[in-house]
Amino acid sequence: MNTSFNFSGRLANLYDKIAAEEVDAFLITKQANVTYLSGFRGDSAVLFIGKNFRKLITDGRYIEQALNETKNFTLVEHTEGLYKKIVEEIKISGCKKIGFEGLVMTVAEHSYLKKELPNVEFKSVELDTLRQVKDAAEIAQIRRACKIADDAFEKILEFIKPDVREIEVAAELEYIMRRLGSEAAAFTTIVASGWRSALPHGTATDKKICAGELVTIDFGATFNGYHSDITRTVCVGKASAEQRKIYNLVLDAQLYGLEIITAGKGGKELDAAVRDRLTNAGYGRFFVHGLGHGVGLEIHEEPRLSKRSKCEKLFPNMIVTDEPGIYIANFGGVRIEDTILVTAGKAKPLTHSPKTLIEL
Ligand code: ZN
Ligand code: ZN
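Summary of the structure given here. Small disclaimer: the values here were computed from a predicted structure and weren't measured.

### A few points about the coordination of the zinc ion (ligand 2)
Protein coordination at the zinc ion (ligand 2) comes from D229 (OD), H293 (NE2), E323 (OE) and E337 (OE), with a distance range of 2.1 to 2.2 Å. With four donor atoms in place around the zinc ion (ligand 2) and angles of 78 to 151° between them, the coordination shape is irregular. Between the zinc ion (ligand 2) and the zinc ion (ligand 1) the interatomic distance comes to 3.1 Å, and D229 is a ligand of both metals. Taken as a pair, E323 in the loop between β14 (319–322) and β15 (325–328) and E337 in the loop between β16 (332–335) and β17 (338–341) lie far apart in primary sequence, 14 residues in all. We note that E323, like E337, is buried.

### Quick notes on the coordination of the zinc ion (ligand 1)
At this site the zinc ion (ligand 1) is bound by D218 (OD), D218 (OD), D229 (OD) and E337 (OE), with donor distances of 2.0 to 2.5 Å. One way to put it: the four donor atoms around the zinc ion (ligand 1) meet at angles of 56 to 152°, and that makes the site irregular. Positions of the donor residues of the zinc ion (ligand 1), expressed as sequence spacing, correspond to D-x10-D-x107-E. Exposure remark for D218: the relative accessible area of 4% places this residue in the buried category. According to the relative accessible area criterion, E337 is buried, its value standing at 0%.

### Some words on the nonpolar core
Within the largest apolar cluster, 36 residues are counted, with the highest numbers of intra-cluster contacts made by L14, F26, I28, L47 and I49. Listing elements by their share of this core, those giving two or more residues are α1 (7–20), β1 (25–28), α2 (31–38), β2 (45–50) and α6 (136–156). Membership of the second largest hydrophobic core comes to 32 residues, among which are I246, V250, L305 and C311.

### Let's talk about the pairing of strand β11 (residues 230–235)
Side-chain positions along a regular strand alternate between the two faces of the sheet. Most of β11 is tucked away: six of the six residues are buried. Going residue by residue along β11, you find I230, R232 and V234 tucked away on one face and T231, T233 and C235 tucked away on the opposite face as well. One ladder, built from six bridges, connects strand β8 (residues 214–219) with β11; its direction is antiparallel. Within the sheet, the bridge partner assigned to F219 lies in β11 and is I230.

### Details of the pattern of salt bridges
Using the criterion set out here, one finds 30 salt bridges in the structure. The salt bridge partner of D128 is K30, with a shortest N-O separation of 2.7 Å. Remark: K30 occurs in the loop between β1 and α2 and D128 occurs in the loop between β6 (121–125) and α6; sequence separation between them is 98 residues. Of the two residues examined, D128 and K30, each falls in the buried class. A salt bridge links D338 to K355; its shortest N-O distance comes to 2.5 Å. A residue pair is termed long-range when its members are at least 10 positions apart, and D338 in strand β17 and K355 in the segment after β18 (348–349) qualify at 17 residues. By relative accessible area, which is 0% here, D338 ends up buried. Here the residues in one salt-bridge network are K30, D128, R131, K134, E298 and E301, joined through shared partners.

### A few points about the packing of α6 against helix α7 (residues 166–179)
Close contact between α6 and α7 brings their axes to 9 Å; oriented N to C, the two are set at 135°. Considering the angle they form, α6 stands oblique to α7. Along this stretch, α6 crosses α7, giving a crossing that reads as right-handed. For the pair α6 and α7, contact is made by I148, A149, A152, F153, K155 and I156 and by V169, E172, L173, I176 and M177, respectively.

### Comments concerning the packing of aromatic side chains
Under the defined criterion, the tally for this structure stands at seven aromatic pairs. Measuring from centroid to centroid gives 5.7 Å for F40 and Y62, while their planes differ by 85°, and the two rings are edge-to-face. In this pair, F40 is assigned in the loop between α2 and β2 and Y62 in the loop between β3 (53–58) and α3 (63–69), connecting sequence segments 22 residues apart. Here F40 matches Y62 in class, with each residue buried. Both rings, one in F48 and one in F53, keep their centres 4.9 Å apart while their planes meet at 50°; by these two values the pair is tilted. Classification of F48 as buried rests on a relative accessible area of 1%. Put simply, the rings of F5, F7 and Y226 touch in pairs and so form one group of aromatic residues. The cationic tip of R275 hangs over the ring face of F287; the distance from NZ or CZ to the ring centre is 4.1 Å. Between the NZ or CZ atom of R277 and the centre of the ring of Y256, over which it lies, the distance is 4.2 Å.

Cut-off values and rules
Residues numbered from 1 in each chain as written. Chains lettered and ligands numbered in written order. Predicted model: local features only at pLDDT ≥ 70, side-chain atom pairs only at ≥ 80, totals over all residues. Heavy atoms only, no water. Donors = N, O, S within 2.8 Å, 3.2 Å for Na, K, Ca; no water. Tetrahedral: all angles 85-135°; square planar, octahedral: opposite > 155°, others 65-115°. Helix = DSSP H or I, 4+ residues; strand = E, 2+ residues; numbered from the N terminus. Buried < 20%, exposed > 50% of the residue type's maximum accessible area, 1.4 Å probe, protein only. Core = buried A, V, L, I, M, F, W, Y, C linked by side-chain atoms within 4.5 Å. Pairing = 2+ DSSP bridges. Salt bridge = Lys/Arg side-chain N within 4 Å of Asp/Glu carboxyl O. Axes fitted to C-alpha atoms, helices over the stretch in contact; angles between N-to-C directions. Parallel < 35°, antiparallel > 145°, perpendicular 65-115°, else oblique. Left-handed = near helix turned anticlockwise from the far one by under 90°. Contact = heavy atoms within 4.5 Å. Phe/Tyr/Trp six-rings, centres within 6.5 Å; stacked < 30°, edge-to-face > 60°. Lys NZ or Arg CZ within 6 Å of the ring centre and 35° of its normal.

Written out as structure tokens, the structure is:
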């Protein structure tokens, strides 16, 4: 992993959190948080971090990789089960109160720890918010992932035509992104045409695209573990008056989001402001999801811009999406989404594909 990531700064923030939670150590089991704190990119490792120790526990498949990707961690190999080793390590540490990720650990794992370590107190903590504000190196990776997605979108347009199946568009798009350097699709690519464009998460099927249909394409690339997320909706042929009306309403809401998203505003108020815009136009009830979400090592992460957002205040260098949509059953839908960088002033889009209605 790119060594320009500021791991010492990240660990310093983690130690502040250990102090604030009044625990002796954290057991970190969410892979995005493991990667964020240690640099390890494999998909099976746990971090155990206390005042005077930092351990990465993994199995034989990943030792070589962990040696290459991490610094400042003692590598511990488990051969008879991860949680058995975790229990051993907790005993060695002498820690009496340990923070763990309650939204990630399974009930079975938690029960096992409590049974094996009856004198240790476990406290559920939330660590995802540590990753909300991005450093310069992270922003550079996401910028690159956005550029790959933009370049791929330009190329996929000539491929979208009547009789082509949604799944073929998704395959071609993912192939183009890989050729441009993407490690993997950021998530299962959404290609939703015609009536299926009313499904906000309509992943590509073998449905053939027909003339006159709206096609919503929601996709992203991955670069050095960091994601991009973009949606564009195009029309195959000339758009009807109703299709154009919906498109323009969503575009207006999306551009309004870009105007108002700024540091200091909260996730709920931003969602409500853009939602009001669609409600005033009579389409609020068709906007069935949140305005946006954080993007980073996970495709959906904190902060959320939604009715249930816990983010009271955005900070500069958060990266979020702005993605209003209208979905009308048996008619179709439109979503327009950019990945954007929050600043003290106006947010800066990191995805730049055209947003005026494209009629293919
Ligand atoms: Zn998306
Ligand atoms: Zn999104």
